[in-house]
Amino acid sequence: MKTPTKGPVFLRFLIVSLFVFYMLLPIVATYLFSLATRWDRSIMPEGYTWEAYQTAFNLSYFRITLKNSLILSIASCLVSFIIIVPTVYLTQINFRKFRPLLDLLMIIPFAIPTVVLALSYVRVYTFQPITRSPFLLIMATVVYTMPFMYRSVSNSVDAVDISVLTEASQSLGGDLWNTLTKVIMPNIYPGILSGMLLVFATVFADFTLAKLITGAHFKTFPMLLVEQTQIDGNVAAALSVISFTLAWGISMVLLWFSSKASKSKKAQPSDKAYIGK
Amino acid sequence: MKTPTKGPVFLRFLIVSLFVFYMLLPIVATYLFSLATRWDRSIMPEGYTWEAYQTAFNLSYFRITLKNSLILSIASCLVSFIIIVPTVYLTQINFRKFRPLLDLLMIIPFAIPTVVLALSYVRVYTFQPITRSPFLLIMATVVYTMPFMYRSVSNSVDAVDISVLTEASQSLGGDLWNTLTKVIMPNIYPGILSGMLLVFATVFADFTLAKLITGAHFKTFPMLLVEQTQIDGNVAAALSVISFTLAWGISMVLLWFSSKASKSKKAQPSDKAYIGK
Amino acid sequence: MAYLTLADISKNFNKNPAVEHFNLDVEKGKLVSFLGPSGCGKTTTLRMIAGFETPDSGVIELDGEDISNIPPNKRNIGMVFQSYALFPNMTVLDNICFGLRMHKMLKNQIVPKAREVLDLVRLSDTANRYPNQLSGGQQQRIALARALAIEPRVLLLDEPLSALDAEVRVVLRGEIRRIQTNLKITTIYVTHDQEEALSISDRVVVMNKAHIEQVGTPQEIYREPKTKFVATFIGTANEFHGSVCGKDSVKSAEFLIKTNNASLFADGDEVFALVRPEKIDVYSYKPENIDGNVLEGLVDTITFRGAETRLGIDIGEKVITADVPGKDVFSYGQRVWVAFDSNACQVLK
Amino acid sequence: MAYLTLADISKNFNKNPAVEHFNLDVEKGKLVSFLGPSGCGKTTTLRMIAGFETPDSGVIELDGEDISNIPPNKRNIGMVFQSYALFPNMTVLDNICFGLRMHKMLKNQIVPKAREVLDLVRLSDTANRYPNQLSGGQQQRIALARALAIEPRVLLLDEPLSALDAEVRVVLRGEIRRIQTNLKITTIYVTHDQEEALSISDRVVVMNKAHIEQVGTPQEIYREPKTKFVATFIGTANEFHGSVCGKDSVKSAEFLIKTNNASLFADGDEVFALVRPEKIDVYSYKPENIDGNVLEGLVDTITFRGAETRLGIDIGEKVITADVPGKDVFSYGQRVWVAFDSNACQVLK
């Protein structure tokens, strides 16, 4: 490539800056708003206070909705793990020809609008104790987030050539249990984890499914947040900050794992050096 | 691999069947429900009728919400295209070192709960004519769906080695315009298209952003759908079917394109044959 | 008596034969190569010995025991893969210890044994590194050490050098041969590279289209190919297509090629007479008193290769390839005479 | 007068020198190779000629014109890439027509011209296929045709054969040389493969660590290397490290090596005496009446390579590599004598 002249570099820098600003401004503003005393007469808030956070923590529903959201997210992760990991491993090792079918099936959740998914579940599972229960909600969130889990795990499985590792383990005397626990799982672990974290973040942030399936029967954190916008903007902002900080923390972990995974692909030393030529 | 014995094959088939059933049952049920006369006293509906669809089509908001949703989806696609494609191309050709930064930025939308995104936009853009306008909604949907567009386009760009094609075009006398229109765009076209389709489907299905940002000011199809559930279940089912059929059609197109793309990677003829040995 | 015996092994994939009626005896301590183009069935045969594929028919016997129905992890057969197949999550030392742990070696013997094989491949200083911190050649040497650690009854190598650079390949094949000879371990070596097979093996099994073409020492394979496939797949050969004419010559379109090897065929049989490039002498004058074949031609291509120069000589009907010592000088278009002994000319159907 | 001149070209990447003070004259119609290990600056130099990189200093002149500041699409220089770089969205014919269209050739001349170059690479029947329907070797021949179609002033080839199989490489390099010779097109050929450079070039530029080590014909480069790097990078060489002792010998740790090439150095200078494996004769008895060097050793390794056999002979201090004709038979551990002429021994600092 020709060395770029200064003009485009500056232009490019401007574009990136605008883009970052466009994406980050609302978030920064929300942080400020949650701490502001009054902010309708000036560019910056007139004063700062923790009051909104105190109010938020003292809301009667704060603990219960946070707990519900955590239960929902963790349960979805586990169910997703139990369904997806063995399916992907077995498909890769013994049933390779089913792989395209699986890839196709995993696009379906993208093609179903969340609203339709929620309403069809509500419509079908009308019997007790399933109807409008958290159990039904978990079924829906698992389907909804399945592509994330599937993609992460299957990318991981593709990246490490699971079948040759399985064979190597077998040739060294490893049985199925040792192969799985000592060779396979540790190598697809980053994929499983990043899949679970994506599921966690998505389910934790979901408003539509919970609102339409369980509604008031099982209130989640995003539902509380939406409710509060109609009552107190600052409290809603504080709740947003809490939710966003949680999500951000999770995605940092995710990034850390993906960077760890990509490090293992760093440039190898050349063979030239080793020949000594 | 050893030939699998019959047992696991049957088990595997059972798992796949259960899985398909689990995912498809709600959809099939919704189709049936939209056509049913009465369905609370028997396993299958007692009779079938197009009435729910007639009612749906005659709803005063049917046309306007469908139109709004289409406008919103198409606009999001176009804005996404205009922002992402040049960014990815220029990054790849001239600013390769910015690529990791871009990859990182594009994870942010995943980490922001939709509710938080919506509320922060509402909070920040309080001035006319932006506040609660469809324009603000488009800004939000574009950010929300950016990872899809970015991933599709950048995967495409990675797959065809854009920089060597650019150099090949230059060495043959191609200027920037010819290089872009005759060489680059036709080769990343499937990626652009599948990205736009994903954006379209996601925005078309979105309920949360529209509900919280524009609300009644700019009613979308999913909002109408949710509204109808409280009025007439059969009509809501009919609307679900319409929405799902649209989404399904789109994902079929998507699948067709991705299969076209993967065909170009089919096994090449061997060089052995051509040497004639 | 043979140590490893493959008796009438056949295997089909989706009704396409991958290996047909494969018979082979391997003596203890020898290195046998399976050589052939891709898809010839060499890897499938190897994988049947390892236990990753089950033969449709036939018996595999190792040291007198039928191992056909033993699962791969009970066969105690070491395997080295083209893609190295080191466990990325383990250090070099743990990779080597894995097999020893699976074989329930006493805890205090595992690490010393692992270090011993690591010494063997001269990579003791990499014990605590991870596979991705090593070059391809180093990784493959670790994979070899890992396979050797369990003291396998047979060592299988599946195109172990294909993923490496040309120079590393040459160095590493020498090392594999050295270790194999020292340990006297029975080894099957799969490759599509004829130079590799010739240079490393005690015996070579040349395969083509699911069956064996020839089994022999490298010298036999190179000097006395039994089929036209073997003659052209291994090394370079000039071909004269023609029919047997008398006991000592082959008549092609324009030439009468004298040979001492035509007596195996009947008069008039369609055959190929084959001559290696290094068996051909090139003269800038018409040589006298030569008892053999002399053909006249023009120099068409000159390829300097260092030690020797390869000439393409257009003799009208075809272009003859001849290798001459680097010091001989020819120029494009020069009129030359090529000569080769009647002994140098192999005749095959 | 030189057709293409690179005068004192230098280029740094992030303050690391990629090319330093590169000077070269290329005559019209010749094929010049840039040969060296990866990272030696050969590709960077090529890319500066193409215009994809800008030299930090120095001038590139083509046919008397300074092209240093002309953008790549105005230079009319053909380029063939290692990865083929065919446009996947176009048929073979459209790929070739692309350059002609960019050069604003008359519409009715474009397709005939494209078909003409397609004939040249002998792939006329692939005109309507897409690149992904062709083998690697075919794709690279199409890429060559595409570059030739625009009748470039210089043809640049950047490791064009590196992505191909060994056999295809040999066939295709012959074809590239044939076409280049017929069209008399000035060509720069970048490669890291010494065999390729020797066999295809009129002249070879050996590069190492951003600078030129030697420029010369393949024969000069092989037979009279100017530096130790050239001697060891090209071909195989036995090295004796020692000091000059008199006008005609080099004294190493144990041996006194007789040579005719030591007179360039002063007595006591530290030097390397280098001998090619094919210059060494191996005897199973002590040869008499030999005017040169004779060393005694034991056969350590035997590598059958078809036409010749490569022996590793342990002479105590080191292992000597010698190539002997395939018909000579030696066995492991045999006592042998190696002999080489004092002329065969190159002396370098």
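Residues numbered from 1 in each chain as written. Chains lettered and ligands numbered in written order. Predicted model: local features only at pLDDT ≥ 70, side-chain atom pairs only at ≥ 80, totals over all residues. Heavy atoms only, no water.

1. So, the domain arrangement of chain C
Residues and elements named next belong to chain C.
Move 1: On domain assignment, one finds that chain C holds domain 1 (4–232) and domain 2 (236–348).
Move 2: Taking the mean C-alpha position of each, domain 1 and domain 2 sit 39 Å from one another.
Move 3: Between domain 1 and domain 2, the residue contacts involve ten residues of the former and eight residues of the latter.
Move 4: Interface area for domain 1 against domain 2, summed over the two sides, is near 750 Å², with a carbon-plus-sulfur share of 54%.
Move 5: In terms of surface lost to domain 2, no three residues of domain 1 exceed Tyr222, Lys228 and Ala231, which account for 66% of the buried area on that side.
Move 6: Linking domain 1 with domain 2 are one salt bridge. (Domains from an automatic or database assignment. Contact = heavy atoms within 4.5 Å. Buried area = accessible area lost by both parts, 1.4 Å probe. Salt bridge = Lys/Arg side-chain N within 4 Å of Asp/Glu carboxyl O.)

2. Overview of the domain arrangement of chain A
All names here are of chain A.
Move 1: Each assigned domain of chain A is listed here: domain 1 (10–49) and domain 2 (61–264).
Move 2: Across the contact, six residues belong to domain 1 and eight residues belong to domain 2.
Move 3: Note on domain 1 versus domain 2: buried area summed over both sides is about 600 Å², and carbon and sulfur give 72% of it.
Move 4: Broken down residue by residue, the surface that domain 1 buries against domain 2 is led by Tyr31, Phe33 and Ser34, which jointly contribute 66%.
Move 5: On inspection of domain 1 and its partner domain 2, the count reaches zero salt bridges.
Move 6: Viewed at the interface, domain 2 and domain 1 are joined by one residue pair in polar contact (both at pLDDT 80 or more).
Move 7: Classifying every residue of the side of domain 1 that touches domain 2 by side-chain character gives four nonpolar, two polar and no charged. (Polar contact = N/O pair within 3.5 Å; in protein donor to acceptor, adjacent residues only side chain to side chain. Nonpolar A, V, L, I, M, F, W, Y, C, P; charged D, E, K, R; others polar.)

3. Here's the deal with the sheet that holds strand β5 (residues 65–66) of chain C
All names here are of chain C.
Move 1: Pairing in this open sheet of four strands is antiparallel, and the strands run β2-β1-β4-β5 from one edge to the other. Only two strands of the sheet have a single neighbouring strand rather than two, namely β2 (16–26) and β5.
Move 2: Taken together, the two bridges between strand β4 (residues 57–62) and β5 define a ladder with antiparallel strand orientation. Within β5, the position partnered with leucine 62 by the bridge is glutamate 65.
Move 3: In the packing of helix α1 (residues 42–50) onto the sheet, the strands contacted are β1 (4–13), β2 and β4, and the crossing angle to β1 comes to about 120 degrees. (Pairing = 2+ DSSP bridges. Helix = DSSP H or I, 4+ residues; strand = E, 2+ residues; numbered from the N terminus. Axes fitted to C-alpha atoms, helices over the stretch in contact; angles between N-to-C directions.)

4. Description of the environment of leucine 93 of chain D
Move 1: Position of leucine 93 of chain D relative to the elements: it lies in helix α2 (residues 92–102).
Move 2: Taking the C-alpha atoms as reference points, leucine 93 of chain D and tyrosine 130 of chain D, 37 residues apart in sequence, are found 9.0 Å from one another.

5. Observations regarding the side chain of serine 252 of chain D
Move 1: Its location among the elements puts serine 252 of chain D in strand β12 (residues 249–252).
Move 2: Apart from the residues within four sequence positions on either side, serine 252 of chain D is in contact with His241, Gly242 and Glu317 of chain D.

6. Section: helix α9 (residues 176–205) of chain A
Move 1: Compared with an ideal rise of 1.5 Å per residue, which puts 30 residues at 44 Å, α9 of chain A spans 38 Å between its outermost C-alpha atoms and falls more than 12% short.
Move 2: Largest kink in α9 of chain A: about 50 degrees, centred on methionine 185 of chain A, with the proline proline 186 of chain A one to four residues after it. (Expected span 1.5 Å × (residues − 1). Bend = angle between axes of the 7 residues up to and from the residue.)

7. With respect to the sheet that holds strand β11 (residues 238–244) of chain C
All names here are of chain C.
Move 1: Taking strand neighbours across the sheet as the criterion, the five strands line up as β13-β12-β11-β14-β20 in an open arrangement whose pairing is antiparallel. The sheet is open, and its two borders are formed by β13 (256–258) and β20 (346–348), each paired with just one other strand. Strand-to-strand twist across the sheet, computed as the mean angle between neighbouring axes with direction ignored, equals 40 degrees.
Move 2: Pairing of β11 with strand β14 (residues 270–275), which is carried by six bridges, proceeds in the antiparallel orientation. Bridging from a neighbouring strand, glycine 242 pairs with valine 271 of β14.

8. Here we look at the packing of aromatic side chains
Describing an aromatic ring pair means giving the distance of the ring centres and the angle of the ring planes.
Move 1: Throughout the structure, instances matching the rule amount to 25 aromatic pairs over all chains.
Move 2: Ring geometry for phenylalanine 200 of chain A against phenylalanine 204 of chain A: centres 6.0 Å apart, planes inclined by 10 degrees, an arrangement best described as stacked. One end of the pair is phenylalanine 200 of chain A and the other is phenylalanine 204 of chain A, both in helix α9 and four residues apart, which spans about a single turn. Each member of the pair, phenylalanine 200 of chain A as well as phenylalanine 204 of chain A, is classed as buried.
Move 3: Ring-pair connections join several aromatic residues into one group, and the members of that group are Phe57, Phe62, Phe200, Phe204 and Phe221 of chain A.
Move 4: It is lysine 318 of chain D that lies over the ring of phenylalanine 240 of chain D; its NZ or CZ is 5.2 Å from the centre. (Phe/Tyr/Trp six-rings, centres within 6.5 Å; stacked < 30°, edge-to-face > 60°. Buried < 20%, exposed > 50% of the residue type's maximum accessible area, 1.4 Å probe, protein only. Lys NZ or Arg CZ within 6 Å of the ring centre and 35° of its normal.)

9. Quick word on the pattern of salt bridges
Move 1: Applying the stated criterion to the full structure yields 34 salt bridges over all chains.
Move 2: Two residues, glutamate 296 of chain D and arginine 335 of chain D, come together in a salt bridge whose shortest N-O distance is 2.7 Å. A residue pair is termed long-range when its members are at least 10 positions apart, and glutamate 296 of chain D in strand β16 (residues 292–304) and arginine 335 of chain D in strand β19 (residues 335–341) qualify at 39 residues.
Move 3: Given a relative accessible area of 43%, arginine 335 of chain D falls into the partly exposed group.
Move 4: Several salt bridges share partner residues, and in doing so they unite Glu167 of chain A together with Arg47 and Glu53 of chain C into one network.

10. With respect to empty space enclosed by the protein
Move 1: For the structure on display, the rule yields five cavities of 30 Å³ or more.
Move 2: Of the volumes computed, that of the largest cavity is approximately 550 Å³.
Move 3: If you trace the largest cavity, you find 28 residues lining it, with Tyr144 and Thr202 of chain A together with Thr114, Tyr144 and Thr202 of chain B closest to the centre.
Move 4: Elements that contribute at least two residues to the lining of the largest cavity include exactly α5 (108–111), α7 (134–160) and α9 of chain A together with α5 (108–111), α7 (134–160) and α9 (176–205) of chain B.
Move 5: Among the residues making up the lining of the largest cavity, the classes are represented as 20 nonpolar, six polar and two charged. (1 Å grid on protein atoms, 1.4 Å probe; cavity = no way out; pocket = protein on both sides within 12 Å on 5 of 7 lines; lining within 4 Å. Points joined across faces, edges and corners; volume = space filled by probe spheres on them.)

11. Brief notes about the pairing of strand β7 (residues 154–158) of chain D
Residues and elements named next belong to chain D.
Move 1: Counting buried residues along β7, five of its five residues qualify, which places the element largely inside the surrounding structure.
Move 2: Neither face of β7 is exposed, since Val154, Leu156 and Asp158 on one face and Leu155 and Leu157 on the opposite face are all buried.
Move 3: Relative to β7, strand β6 (residues 77–80) runs parallel, the two being bridged by four bridges. Following the sheet pairing, isoleucine 77 is matched in β7 by valine 154.

12. Digging into the packing of helix α3 (residues 62–94) of chain A against helix α11 (residues 221–229) of chain A
Residues and elements named next belong to chain A.
Move 1: Following both chains from N to C, one finds α3 and α11 inclined at 140 degrees, their axes separated by 7 Å at the closest point. If you check the angle between α3 and α11, you find them oblique. Touching Phe62, Thr65, Leu66 and Ser69 of α3 are Phe221, Pro222 and Leu224, all from α11.
Move 2: Of the residues in the contact of α3 with α11, the class split is five nonpolar, two polar and no charged. (Parallel < 35°, antiparallel > 145°, perpendicular 65-115°, else oblique.)

13. A closer look at a nonpolar patch on the surface
Move 1: Together, Leu70, Ile74, Leu78 and Ile82 of chain A give the surface a local cluster of nonpolar side chains, amounting to about 350 Å² of exposed area.
Move 2: When you line up the elements, leucine 70 of chain A lands in helix α3. (Patch = residues over 30% accessible without salt bridge, like charges linked within 9 Å, V, L, I, M, F, W, Y side chains within 5 Å. Areas by Shrake-Rupley, 256 points an atom, 1.4 Å probe, with all protein chains shown as cover.)

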